[in-house]
Amino acid sequence: MHRRFFLKGLGLIGVASSVAMPKPAFAGGMLDPMGSKLAGSLYYTMDAPGRWKGKEATHTPSIERSGNMIEVTTGHEMDGYVHYIVKHILLDENLEFVEETLFNPETDAPITEHDISGLNNRLYVVSLCNKHDAWLNTLAL
Ligand SMILES: [Fe+2]
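Treat the numbers as computed from the prediction; the structure is a model and nothing was measured.

### Describing the environment of Ser127
Here's step 1: Looking at the element boundaries, Ser127 is found in strand β6 (residues 122-129).
Here's step 2: Overall, Ser127 belongs to the buried group, its relative accessible area being 0%.
Here's step 3: Excluding anything up to four places from it in sequence, Ser127 contacts His59, Pro61, Thr74, Ile85, Lys87, His88, Asp133, Ala134 and Trp135.
Here's step 4: Polar side-chain contacts of Ser127 include one of 2.8 Å to the side chain of Thr74.

### Observations regarding the coordination of the iron ion
Here's step 1: Protein ligation of the iron ion involves His59 (NE2), His76 (NE2), His83 (NE2), Cys129 (SG) and His132 (ND1), the donor distances falling in the range 2.1 to 2.3 Å.
Here's step 2: On the primary sequence, the residues serving as donors to the iron ion are separated as H-x16-H-x6-H-x45-C-x2-H. One end of the pair, His83, is in the loop between β2 (69-73) and β3 (85-91); the other, Cys129, is in strand β6, and 46 residues separate them in sequence.
Here's step 3: His83 gets classed as buried once you look at its relative accessible area, which sits at 10%.
Here's step 4: With a relative accessible area of 3%, Cys129 lands in the buried category.

### Side note on the sheet that holds strand β5 (residues 111-115)
Here's step 1: The sheet built from three strands is open, its strands ordered β1-β2-β5 with antiparallel pairing. Each having just a single partner strand, β1 (62-66) and β5 make up the two edges of the open sheet. Neighbour to neighbour, the strand axes of the sheet diverge by 20 degrees on average, direction disregarded.

Here is what the cut-offs are and how they apply
Residues numbered from 1 in each chain as written. Predicted model: local features only at pLDDT ≥ 70, side-chain atom pairs only at ≥ 80, totals over all residues. Heavy atoms only, no water. Helix = DSSP H or I, 4+ residues; strand = E, 2+ residues; numbered from the N terminus. Buried < 20%, exposed > 50% of the residue type's maximum accessible area, 1.4 Å probe, protein only. Contact = heavy atoms within 4.5 Å. Polar contact = N/O pair within 3.5 Å; in protein donor to acceptor, adjacent residues only side chain to side chain. Donors = N, O, S within 2.8 Å, 3.2 Å for Na, K, Ca; no water. Pairing = 2+ DSSP bridges. Axes fitted to C-alpha atoms, helices over the stretch in contact; angles between N-to-C directions.

Here you go:
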């Protein structure tokens, strides 16, 4: 039996559109990326390290605020092009791209400063390792 006929027979076609679905309770109508099911699979956080469990401390970017500036630090080695932090990415409360800083692993430390005077409510920072993927952290403003 085809699925459509089966559902029609049960009177279920059209029902789903009239059922009130719960709205996501987060800024911009999106789900909280820190608590999303994607955390720990598509990207990683301190609380959701997924397959990289044990690497949280050296990959999760820390964010320190001083006025309208933040300093982002990833406590990760910069072992030339063998193993290093590729970049820091700053996103706004809606996960819109704000800016990024690429690192030269032969000369840079994975530390960046960002002016956040144009941002509201919350920001997100991604730290990208060439071996251990993308790590997300957030700061309420
Ligand atoms: Fe790494």
